[in-house]
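Observations on the model geometry
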Amino acid sequence: MNGTEYHRKLGIGESAFDALTDHLEERSYDGLEYRHVPDYRQGVERGTALIAGEVVRGFPKIPRTLVLETGIPNQFDGEEEIAVEEKLNGYNVRFARIDGDVLAFSRSGMVCPFTTRIADRVVDLDPLFDAHPEATVCGEMIGPENPYTAHDYPGVDSIAFRAFDWRDRRTGEPLAVSARRERYEEFDVPQTQLFGTYDVADAAAAVDRIVRGLDAEDREGVVMKSPDCARQLKYTTSASNRGDLAYAFSLPFDYGREFVFRRLIREGFQTVERGESDHEVRERARDLGEAILLSMRESIETVDAGGTVGERHTVRASEESIDVLLEHLRGQGLRIEIEADRREDGERVVTFRKRTQATNDKIRNYLDGHIARE
Ligand code: ATP
Ligand code: MG
């Protein structure tokens, strides 16, 4: 398909499409050439894919508030109510049916060959796409056996899917929250939990209560949505901040400083909004410090003992799906080291590590007495 037709499907002018073309990344999946928008571009969502003559819109960026009391009325100005759903900690996926095949798109609009292959193990989307071929099923892949972000959820023992949004494939228009939840129910698609619908005017207190409960269970947070799903807002728990910080400081030279800084700032605003006492804020400080220092100590000790550190993941799938996954990761420039590779109930279970070069090298150098000029 030529550019003229894509620009019509995207709803943008020809010259805007020409300007976009330079920023499109070209890839192929299973012999099918396609293009996608790998980063944010004006007018076209990051993650939008142009494939087999079809447009699959990217999933929008969700803004965050650091203060519930003021952030909620600000973001939902003019709305009466908001729905509060759980924010799950996994990786974003969009399923769309292209030329008869259900494909899984990553956040940046790549077809993820692994998620595409294991899709039917976690959810049967055929009845849904038969009835609604134009749908994009948006959700989070969660659970421990996951090649990107492993976080444990009670009752989830391997990779699993939870839907949290339903959009028109071409326009990106969302279904309203209630219609979406009914549809997923109808098609037996597992979804993220809905805590309830609250008046905007007093949602902050309710959200605070929900977030405290999630925090105690080491869960990530909430996404608040206007009933028509046009506006969204996220807020996360301290447990999630600590988990991210612990992870980042286990690989301190591979994580961006901004990543760490943002999470520390969130803690500052949360303690103030909650009006915590000196005792409480000291407890928060200790938990925060422990998250940072204990994980960093472990990494330094590992390298000191001659080992290497890196993101470790375990995946369980067919022989072929795992080969394809490892090839896909290596194709993205990652160095993958296999730590364990075994068969279990006819499936292959592989534990691998994404080698994080900078952290390994720098820790080694500092241990060897490298003098830092800082
Ligand atoms: P980006 O916003 O670009 O995805 P990010 O790392 O900032 O990147 P997060 O902080 O994880 O993203 O927040 C947004 C993501 O949260 C969504 O992209 C989605 O994958 C995930 N998510 C989990 N649960 C929900 C939910 N109930 N509703 C919407 N998004 C959810
Ligand atoms: Mg996330």
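Residues numbered from 1 in each chain as written. Chains lettered and ligands numbered in written order. Predicted model: local features only at pLDDT ≥ 70, side-chain atom pairs only at ≥ 80, totals over all residues. Heavy atoms only, no water.

Some points on the site of ligand 1
For the record, the criterion: The cutoff for a nearby residue is simple: one of its non-hydrogen atoms must lie within 4 Å of the molecule or strand. Contacts described as polar in this section are N or O atom pairs within 3.5 Å, which, within protein, must combine one atom able to donate a hydrogen with one able to accept it, while residues neighboring in sequence count only if both atoms come from side chains. All accessibility values rest on the Shrake-Rupley procedure with a 1.4 Å probe; residue burial counts only the protein chains present in the view. The helix count covers DSSP runs of H or I at least four residues long, the strand count covers runs of E at least two residues long, and both are numbered beginning at the N terminus. Charged residues are taken to be Asp, Glu, Lys and Arg, nonpolar residues to be Ala, Val, Leu, Ile, Met, Phe, Trp, Tyr, Cys and Pro, and polar residues to be all remaining types, Gly included. Each domain's limits were defined by an automated method or a database of domain assignments.
Lining the immediate environment of ligand 1, one finds 18 residues, of which E86, K87, R107, E140 and K225 sit closest. Between Y40 and ligand 1, the recorded distance is 3.3 Å, taken from a side-chain N or O atom to an oxygen atom. K225 places a polar side-chain atom, nitrogen or oxygen, 2.8 Å from a nitrogen atom of ligand 1. Look at ligand 1: alone it shows 600 Å² of surface, and the protein chains cover 83% of it. Going through the elements one at a time, β5 (81-87) and β11 (221-225) are the ones with two or more residues in the shell around ligand 1. When its residues are assigned to classes, the shell around ligand 1 shows six nonpolar, two polar and 10 charged. Residue contributions to the shell around ligand 1 reach at least three from each of two domains, namely domain 1 (3-56 + 89-191) and domain 2 (68-85 + 196-236).

A closer look at the sheet that holds strand β3 (residues 49-51)
Which entries qualify depends on this criterion: The criterion for strand pairing is that DSSP finds at least two bridges linking the strands in question. Axis definition: a line fitted to C-alpha atoms, limited for helices to the stretch in contact. Angles are taken between N-to-C directions and run from 0 to 180 degrees.
If you walk across this open sheet you meet the four strands as β1-β2-β3-β4, and the pairing is antiparallel. With one partner strand each, in any of the chains shown, β1 (25-29) and β4 (54-56) form the two edges of the open sheet. Going from strand to strand, the sheet's axes swing by 25° on average, the running direction of each strand aside. Pairing between β1 and strand β2 (residues 32-36): five bridges, direction antiparallel. Residue pairing across strands places R27 opposite Y34, the latter belonging to β2.

Some details on the nonpolar core
Filter applied, for reference: In this description, a nonpolar core means a group of buried Ala, Val, Leu, Ile, Met, Phe, Trp, Tyr and Cys residues linked to one another through side-chain atoms lying within 4.5 Å. The classification of residues rests on relative accessible area computed with a 1.4 Å probe and restricted to protein chains. Under 20% of the type maximum is buried, over 50% is exposed, and intermediate values are partly exposed.
By size, the foremost hydrophobic cluster in this structure holds 34 residues, and its most contacted members are F95, F114, L125, L128, M141, F161 and V189. Residues A204, V207, M224 and Y235 belong to the second largest nonpolar core, which totals 18 residues.

Comments concerning a negative patch on the surface
Rule in force here: Each patch is assembled from residues with relative accessible area greater than 30% and no salt bridge, linking like charges that lie within 9 Å and nonpolar side chains (Val, Leu, Ile, Met, Phe, Trp, Tyr) that lie within 5 Å. For this document, the term salt bridge refers to a Lys or Arg side-chain nitrogen within 4 Å of an Asp or Glu carboxyl oxygen. For the purpose of charge, His is not counted, nor are the chain termini; Lys and Arg are scored as positive and Asp and Glu as negative. Note that the charge is assigned to NZ on lysines, CZ on arginines, CG on aspartates and CD on glutamates.
Residues E80, E81, D199 and D202 make up a contiguous surface patch of negative charge. With respect to the helices and strands, the residue D202 is situated in the loop between β10 (194-199) and α7 (203-216).

Section: the pairing of strand β14 (residues 336-344)
Regular strands show a simple pattern: their side chains alternate between the two faces of the sheet. Here β14 pairs with strand β15 (residues 347-355) via eight bridges, running antiparallel. Counterpart to A340 in the pairing with β15 is T351. Counting the residues between successive antiparallel strands, the hairpin from β14 to β15 contains two residues, one of them, D345, with a positive phi of roughly 50°.

Overview of the packing of helix α10 (residues 278-304) against helix α12 (residues 357-367)
Put simply, the rule is: Note that the term roughly parallel is reserved for angles under 35 degrees, roughly antiparallel for angles over 145, roughly perpendicular for angles of 65 to 115, and oblique for everything else. Contact definition: two residues touch when any of their heavy atoms are within 4.5 Å.
Across the interface, α10 lies against α12 with an axial gap of 9 Å and an inter-helix angle of 75°. In terms of orientation, α10 lies roughly perpendicular with respect to α12. Residues S299, I300, V303 and D304 of α10 form the contact with α12, whose participating residues are N360, I363, R364 and L367. Considering only residue class, the contact of α10 with α12 consists of four nonpolar, two polar and two charged.

Comments concerning the environment of F76
Counting through the fold element by element, F76 comes out in the loop between α3 (68-75) and β5. Measuring from C-alpha to C-alpha, the distance between F76 and S226 comes to 7.0 Å, with 150 residues separating the pair along the chain.

Topic: the state of the cysteines
Stated precisely, the cut-off is as follows: By convention in this document, the label disulfide applies to cysteine sulfur atom pairs within 2.5 Å.
Applying the stated rule across the entire model yields zero disulfides. Cysteine C112 remains unbridged, with the sulfur of C138 as its closest cysteine sulfur at 16 Å. Distance from the sulfur of C229, which forms no disulfide, to the nearest cysteine sulfur (C138) is 9.3 Å.

Concerning a nonpolar patch on the surface
A cluster of nonpolar side chains, namely F261, I265 and F269, defines an oily patch on the protein surface of about 280 Å² accessible area. The residue F269 is located in helix α9 (residues 257-273) in this model. Since its relative accessible area comes to 40%, F269 is described here as partly exposed.

Here we look at helix α11 (residues 319-331)
Convention followed: A helix is expected to span 1.5 Å multiplied by its residue count minus one.
Between its terminal C-alpha atoms α11 stretches 18 Å, which fits the 18 Å expected from 13 residues at 1.5 Å a residue. Burial in α11 covers these residues: S321, I322, V324, L325, L326, H328 and L329. Each element contacted by the buried residues of α11 is listed here: α4 (113-122), β13 (310-317), β14 and β15.

Description of the sheet that holds β14
With antiparallel pairing, the three strands of this open sheet are ordered in space as β13-β15-β14. One side of each edge strand has no neighbouring strand; the edge strands of this open sheet are β13 and β14. Taking each pair of neighbouring strands and ignoring which way they run, the sheet shows an average axis angle of 15°. The pairing of β13 with β15 spans eight bridges and is antiparallel. Residue pairing in the sheet places A317 in a bridge with R348 of β15. Relative to β15, α11 is tilted by about 10°, and along the sheet it contacts β13, β14 and β15.

As for the domain arrangement of the chain
This is how the line gets drawn: Once two parts are joined, some of their accessible surface, as seen by a 1.4 Å probe, is lost; buried area is that loss totalled over both.
Entries for the chain in the domain assignment read domain 1 (3-56 + 89-191), domain 2 (68-85 + 196-236), domain 3 (239-304) and domain 4 (310-355). Its C-alpha centre places domain 2 at a distance of 24 Å from the equivalent point of domain 3. Contact with domain 2, which involves 11 residues of that partner, is made by seven residues of domain 3. Each partner contributes to the roughly 770 Å² buried at the junction of domain 2 and domain 3, and carbon and sulfur atoms together form 29% of this total. The three residues of domain 2 that bury the most area against domain 3 are R212, D215 and T236, which together make up 48% of that side's buried surface. At the boundary of domain 2 and domain 3, one finds one salt bridge.

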